[in-house]
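Structure assessment
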Amino acid sequence: IKQKKRHMGDTKHFCPVSLKENFVLYPGLQEHAAKYKEKIYYFSTSEYRDEFLKNPEEYVAHNEPLQAPPLRVCLLGTHGAGKTTCAREITDKLGIFHIQFEEYLQELILPKTKRKVGPFFDEDHEDDNKILEELEDFSQTITITETEKNKQEVELTDEERAIKANLMNNTELPPEVLDKIVPDWWKKEPFRSTGFILDGFPRTFDEASYLSERGLCPDVAIYIQVEEGDILNRLFPPRLKKWKEKQLKKKEYKKKLKELKAKIRV
């Protein structure tokens, strides 16, 4: 006995309500299926199935096929794997946005911090401060020193403190902070109609669960796996160059300090 071919709805195995309400291709489940006009529709939740059954015509195609959302990609990998380089090349070819997650966080608090924060940036800043303090101790012309400005406490909001802790210590961002950042890339323009590559997010199981719970589904998740030796060869030369520049800077500061001391003695 030949089985009758199952006729799928306009969105195939994706939830039509998620597409209509959130502009997201969210896979439906067989246990949340419904039949309308001899076609089978799958839904991501039983609530969305009930919503569909109240007014099916709102969620099905009429004169033209339903519009699919743009490409949304999550690009993952360890530090130095080349995520940002790959993301820039892909976005140039596809004409979609490139969102570098850590850089985006830096921009959110930069108006308050006045500089990028994190172990990599703080290392240089601390060295500069030490030298500046020594120079300023022997200089009588500076009325408001750079060190005093840096020592002034900056009032951060709870959200900004959470972002700073994430950048400084890799502390996970709570859902209430992510809610103010991540959903906009799926739901607001110009990202909603153009698409994007999200570089460096999610990084943990909890962050991936957050996307799933909010119905923020990427179309593709790419993980770049690179050998440790290749990462070392890529990251070590620029770090070495930066270290040499820092040593040269210290040498110049010490020379200026010596000159200032000599002037004061005279």
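Because the structure is predicted, anything quoted here is derived from the model rather than measured.

About the criteria used
Residues numbered from 1 in each chain as written. Predicted model: local features only at pLDDT ≥ 70, side-chain atom pairs only at ≥ 80, totals over all residues. Heavy atoms only, no water. Helix = DSSP H or I, 4+ residues; strand = E, 2+ residues; numbered from the N terminus. Expected span 1.5 Å × (residues − 1). Buried < 20%, exposed > 50% of the residue type's maximum accessible area, 1.4 Å probe, protein only. Arc of directions from axis to C-beta. Contact = heavy atoms within 4.5 Å. Phe/Tyr/Trp six-rings, centres within 6.5 Å; stacked < 30°, edge-to-face > 60°.

For the rest of this paragraph, the subject is helix 3 (residues 83-94). Its 12 residues give helix 3 an end-to-end C-alpha distance of 16 Å, which sits within 8% of 16 Å, the value for a rise of 1.5 Å per residue. Listed as buried for helix 3 are K83, A87 and T91. Down the axis of helix 3, the buried side of the element spans an arc of 55°, and every buried residue falls inside it. Relative to its buried face, helix 3 has exposed residues pointing more than 90 degrees away, namely R88, D92 and K93. Among the structural elements, strand 3 (72-77), strand 4 (97-100), strand 5 (196-199) and strand 6 (220-224) are those in contact with the buried residues of helix 3. One or two steps after helix 3, the chain reaches G95, where phi turns positive at roughly 70°.

Moving on, we come to the packing of aromatic side chains. Two aromatic rings, taken as a pair, are described by how far apart their centres are and by the angle between their planes. In the structure shown here, the tally under the stated rule is nine aromatic pairs. Seen in terms of ring centroids, F43 and F52 are 4.9 Å apart; in terms of plane orientation they differ by 50°. Their pairing is tilted. Taken individually, F43 and F52 each receive the classification buried, so the pair is uniform in this respect. Residues F101 and F201 carry aromatic rings whose centres are separated by 4.6 Å and whose planes lie at 35° to one another, so their mutual orientation is tilted. Residue F101 is located in helix 4 (residues 101-113), and its partner F201 is located in the loop between strand 5 and helix 11 (205-213); the two are separated by 100 residues in the primary sequence. We note that F101, like F201, is buried. Through a chain of ring-to-ring contacts, three or more aromatic side chains come together here, namely Y36, Y41, F43, F52 and Y59.

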